[in-house]
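For reference, the chains in residue letters:
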Amino acid sequence: FCKGFKKMDGVRYRGTYDWNFQGADFEALKALPNGEKKESPQFVIGPNIKWYMRCYPNGDTESARDNVLLSLVVSSFPAHFTSIVVFYQLHCVESSSSFSSIKVFNTVDDKAEWFRSVFATPEMRNLPASVTRLQFQCTVNILRIESAENTLYVRNLDLDLRRQSRFVVDWKLSGEMLAKFKTASHGKFISDNSVQNGMWALQCAPNGFRHGDDGSVRLFIQLCA
């Protein structure tokens, strides 16, 4: 183990937070104008590390108008922590919009967010009438915590890479999910929310995400550990 490593008993280093908008709250969210935001209650994942989710349902600036911007924000952590390395997943259940990545948090109010085109505001406003709620999910998996020159925590893999160095990562699509792939707008990301072999996940932009790549299927493998 690294110098300064110690086990922090009773601490949860991985967790998922659900943020729900139901009925009138959902209607109010859809009506918010450009530049206005909603923030979730705080939740704790890690040793005295507090987080919250922030959403601009119609973009935070004029250039981001018509995009639902979702982010994970760290609101407080112990003063002796200098960096927190996190694998995060952001997901909207009703639209299947997802994004995941690894982020290093160094200061309070640092944020991790999905691409601006992952979930379009018109898509949110035009969900079927039967959809009366919206649920955002955020999964935080802490990989490493540093304090000055010491490593306080490191997540260990549940496999021996000296024995297993080849992996098969698959993602089977059918039914409703396949239909969402076929009708995805440009810039929308959809992820396989499971982490395979403890370290890999797949995510896809079924209709491209860069300027001029409409009609392209972009598939990515994400390192999660």
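Preceding block: the structure.
Residue indices begin from 1 for each chain and proceed along its sequence in written order. At least 70 in pLDDT is required for a residue's local features to be given in this predicted model, at least 80 for side-chain atom pairs to be given and counted, and no such filter applies to totals for whole chains, interfaces and linings, which use all residues. Side-chain calculation: all heavy atoms of the structure are included, whereas hydrogens and water are not.

Colleague: I keep staring at the overall build of the chain and nothing clicks. Help me out?
Modeller: When helices and strands are tallied, the chain shows three helices and 13 strands. The globule rule puts the C-alpha radius of gyration for 225 residues at 17 Å, and the 19 Å found for the chain is close to it. Considering only C-alpha atoms, the chain reaches an extent of 55 × 40 × 30 Å along its principal axes. Here a residue-residue contact requires only that any non-hydrogen atoms of the pair lie within 4.5 Å. Here the contacts in the chain between residues at least 6 apart in sequence split such that 60% fall between residues at least 24 apart. As presented, the chain carries roughly 11,700 Å² of accessible surface, and 48% of it is formed by carbon and sulfur atoms. Here a helix means four or more residues in a row that DSSP labels H or I, a strand means two or more in a row labelled E, and each is numbered from the N terminus. Put simply, the radius of gyration uses C-alpha atoms, and a globule should come to 2.2 Å times the residue count raised to 0.38. Computed with a 1.4 Å probe, the accessible areas rest on the Shrake-Rupley method; for each residue, only the protein chains presented here act as cover.

Colleague: I would appreciate a short explanation of the sheet that holds strand β13 (residues 218-223) in the present structure.
Modeller: In a beta sheet, neighbouring strands pair by backbone hydrogen bonds and run either parallel or antiparallel. By the convention used here, strands pair only if DSSP detects at least 2 bridges between them. Across the sheet, which stays open at both edges, the three strands sit in the order β11-β12-β13 with antiparallel pairing between neighbours. Edge positions in the sheet fall to β11 (190-191) and β13, since each has one partner strand and no second. With two bridges joining them, β11 and strand β12 (residues 200-205) adopt antiparallel strand pairing. Residue pairing in the sheet places Ile-190 in a bridge with Cys-204 of β12.

Colleague: Teacher, can you tell me more about helix α1 (residues 24-31) here?
Modeller: The periodicity of an α-helix, 3.6 residues per turn, causes residues three or four positions apart to be oriented the same way. If you check which residues of α1 are buried, you get Phe-26, Leu-29 and Lys-30. The buried side chains of α1 occupy one side of the element, clustering within an arc of 95° when seen end-on. Facing away from the buried surface of α1 by more than 90 degrees, the exposed residues are Ala-24 and Ala-31. For α1, the elements touching its buried residues are β1 (14-22), β2 (38-39), α2 (121-125) and β9 (133-147). The rule is simple: take the accessible area with a 1.4 Å probe, protein chains only, and divide by the maximum for that residue type; under 20% is buried, over 50% is exposed, in between is partly exposed. The reported arc concerns the directions from the helix axis to the C-beta atoms and nothing else.

Colleague: I'm lost on the pairing of strand β4 (residues 50-56) in this one. Help?
Modeller: The side chains of a regular strand alternate between the sheet's two faces. Counting buried residues along β4, six of its seven residues qualify, which places the element largely inside the surrounding structure. The sheet contact formed by β2 and β4 spans two bridges and is antiparallel. Along β4, the bridge assignment pairs Lys-38 with Cys-55. Where strand β3 (residues 43-44) lies against β4, two bridges are found, and the strand directions are antiparallel. Paired with Val-44 across the two strands is Lys-50, which belongs to β4. Between β3 and β4, which pair antiparallel in sequence order, lie five residues; one of them, Gly-46, sits at a positive phi of approximately 100°. Summarising the sheet, β4 and strand β5 (residues 69-76) pair through seven bridges and their orientation is antiparallel. Looking across to β5, one finds that Tyr-52 is bridged to Val-73.

Colleague: Mind showing me how you'd approach the pattern of salt bridges here?
Modeller: Oppositely charged side chains may form a pair once their charged atoms are brought near each other. Salt bridges are counted wherever a side-chain nitrogen of Lys or Arg sits within 4 Å of a carboxyl oxygen of Asp or Glu. As enumerated under the stated definition, the model contains nine salt bridges in all. Taking the shortest distance from any N to any O, the salt bridge between Glu-146 and Arg-144 comes out at 2.4 Å. Accessibility expressed as a relative area gives 15% for Glu-146, which makes it buried.

Colleague: What exactly am I supposed to notice about the nonpolar core here?
Modeller: Generally speaking, nonpolar side chains in soluble globular proteins are found buried as a group. We call a set of buried Ala, Val, Leu, Ile, Met, Phe, Trp, Tyr and Cys residues a nonpolar core when their side-chain atoms join them within 4.5 Å. Counting 41 residues, the largest nonpolar core has Trp-51, Trp-114, Leu-134, Phe-136 and Ile-142 as its most contacted members. Sorting the residues of this core by element identifies β1, α1, β4, β5, β6 (83-92), β7 (97-105), β9 and β10 (150-154) as the ones contributing at least two each. If you tally residues by element for this core, the top one is β9, at six residues. Core analysis: the second largest hydrophobic core is formed by five residues, Val-85, Phe-87, Leu-143 and Cys-224 among them.

Colleague: Would you take a moment to explain the side chain of Asp-110 for this structure?
Modeller: In this structure, Asp-110 sits in the loop between β7 and β8 (111-113). The positive count covers Lys and Arg only, the negative count covers Asp and Glu only, and His and the chain ends enter neither. Nearest to the buried, unbridged Asp-110 among oppositely charged side chains is Lys-103, at 4.9 Å. Sequence-distant contacts of Asp-110, that is, excluding residues within four places in its chain, are made with Leu-72, Val-73, Val-74, Val-104 and Phe-105.

Colleague: Hey, could you run me through unusual backbone geometry in this one?
Modeller: Both trends apply: most residues other than glycine have a negative phi, and most peptide bonds are in trans. With phi around 60°, Asn-48 is a residue other than glycine that occupies positive phi space. Here Asn-48 shows up in the loop between β3 and β4. The backbone phi angle of Ser-96 is positive, close to 65°, even though this residue is not glycine. Positionally, Ser-96 belongs in the loop between β6 and β7.

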